[in-house]
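# Coordinate inspection notes
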Amino acid sequence: MSDNQNNIQLPEHGKLTIPMTNDYLFRALLQQNNKVLTGLIASLLHLSPSEISSVEITNPIILGESINDKTFFLDIRVDLNQNTLINLEMQVINEHNWPERSLSYLCREFDQLSAGQSYESVKPAIQIGLLNFTLFPDHPEFYATYKLLNVKNHTIYSDKLQLSVLDLTQIHLATDEDKACHIDFWASLFKARTWEELHMLSQNNEYLKEASETVYHLTQEEKVRLQCQAREDYYRRMKGIQEKFEHYKAEKIQSDAEIAELKQQIAALKKELEAKSRE
């Protein structure tokens, strides 16, 4: 697709019609432009793009079609160099189940052996979540990677399982290593809200330039734009539900506290009454 985008003139300013944290747009972008997919994965895995000989999405969807039960969770399954399986997903709403959900995805990718294959031939599996919220508020981190290891001496049990989390809300915590791999650039791209931001990010980065042009092209396609807008509506409804839940939860905590205080007062009055009855 990149060859067709050479003459695209992006808007100079103004808000993006669809935010780039939109999980449908994220999926459409990576499915539509293999170069962007290559650049993103290279960055997240600390690789040079030249080390990637092939990268293929193994669960493509027909862009513009309505989301059904099979595509409601828009995770992207990728075969890297025909020897590593990766699961990518943009997650906007904190549904408070990401650790369990990401582990489920990782185990699904790892359980890949066919009858007759040896265990040694299993391919490495990597789960990468791009989250628009902080997974562990007490331990905020921009880009975290987890592996299966010994809790005493930190010996890696196997290098074939890996979980990574990119927190798009904590770009300011990017380490020197994160910046050297341009992971902070990618996070800034996905958090961008205006064309001015995209122009600045794309000036000296061919992959981000390709991403910006592809996003512009995709959001001009009515069917794709409608699906993106449907996801935005879903986010708004989910946020409203969560806000109501938090409100009711706070009210319940307050009610529980008031009930506990009343019980203490009743207990104190009973003791006082008993003491007076013995006088």
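This structure is a prediction, so every number in the text was calculated from the model and none was measured.

Definitions and limits used
- Residues numbered from 1 in each chain as written.
- Predicted model: local features only at pLDDT ≥ 70, side-chain atom pairs only at ≥ 80, totals over all residues.
- Heavy atoms only, no water.
- Helix = DSSP H or I, 4+ residues; strand = E, 2+ residues; numbered from the N terminus.
- Rg over C-alpha atoms; globule rule 2.2 N^0.38 Å.
- Buried < 20%, exposed > 50% of the residue type's maximum accessible area, 1.4 Å probe, protein only.
- Contact = heavy atoms within 4.5 Å.
- Areas by Shrake-Rupley, 256 points an atom, 1.4 Å probe, with all protein chains shown as cover.
- Pairing = 2+ DSSP bridges.
- Axes fitted to C-alpha atoms, helices over the stretch in contact; angles between N-to-C directions.
- Polar contact = N/O pair within 3.5 Å; in protein donor to acceptor, adjacent residues only side chain to side chain.

Right, let's get into the overall build of the chain. Of the regular secondary structure elements, the chain holds eight helices and six strands. Listed by position from the N terminus, the elements making up the chain come as α-α-β-β-β-α-β-β-β-α-α-α-α-α. For the chain, whose C-alpha radius of gyration is 24 Å, the value lies well above the compact-globule estimate of 19 Å for 279 residues. Projected onto the principal axes, the alpha-carbon positions of the chain cover approximately 95 × 55 × 40 Å. Taking all 279 residues of the chain together, the buried fraction comes to 41%. Taking contacts inside the chain between residues at least 6 apart in sequence as the whole, the part at least 24 apart equals 68%. Approximately 16,600 Å² of the chain is accessible, and the part contributed by carbon and sulfur atoms is 52%.

The next point concerns the sheet that holds strand β6 (residues 161-167). Sheet strands pair by backbone hydrogen bonding; their relative direction is either parallel or antiparallel. Across the sheet, six strands lie side by side as β1-β2-β3-β4-β6-β5; this open sheet has mixed pairing. A single partner strand is all that each edge strand has here, and the edge strands are β1 (55-57) and β5 (143-147). Ignoring which end each strand starts from, the neighbouring axes of this sheet average 20° apart. In terms of strand pairing, β5 meets β6 through five bridges, oriented antiparallel. Bridging across to β6, Tyr 146 finds its partner in Leu 163. Across the face of the sheet, helix α2 (residues 34-44) comes into contact with β1, β2 (76-80), β3 (84-91), β4 (125-131), β5 and β6 while running at roughly 110° to β1. Packed on one face of the sheet, helix α3 (residues 98-110) meets β2, β3, β4 and β6 and runs near 150° to β4.

When you line up the elements, Asn 205 lands in the loop between α6 (195-202) and α7 (206-219). Here the side chain of Asn 205 touches Tyr 207 through a polar contact of 3.0 Å, landing on its backbone nitrogen.

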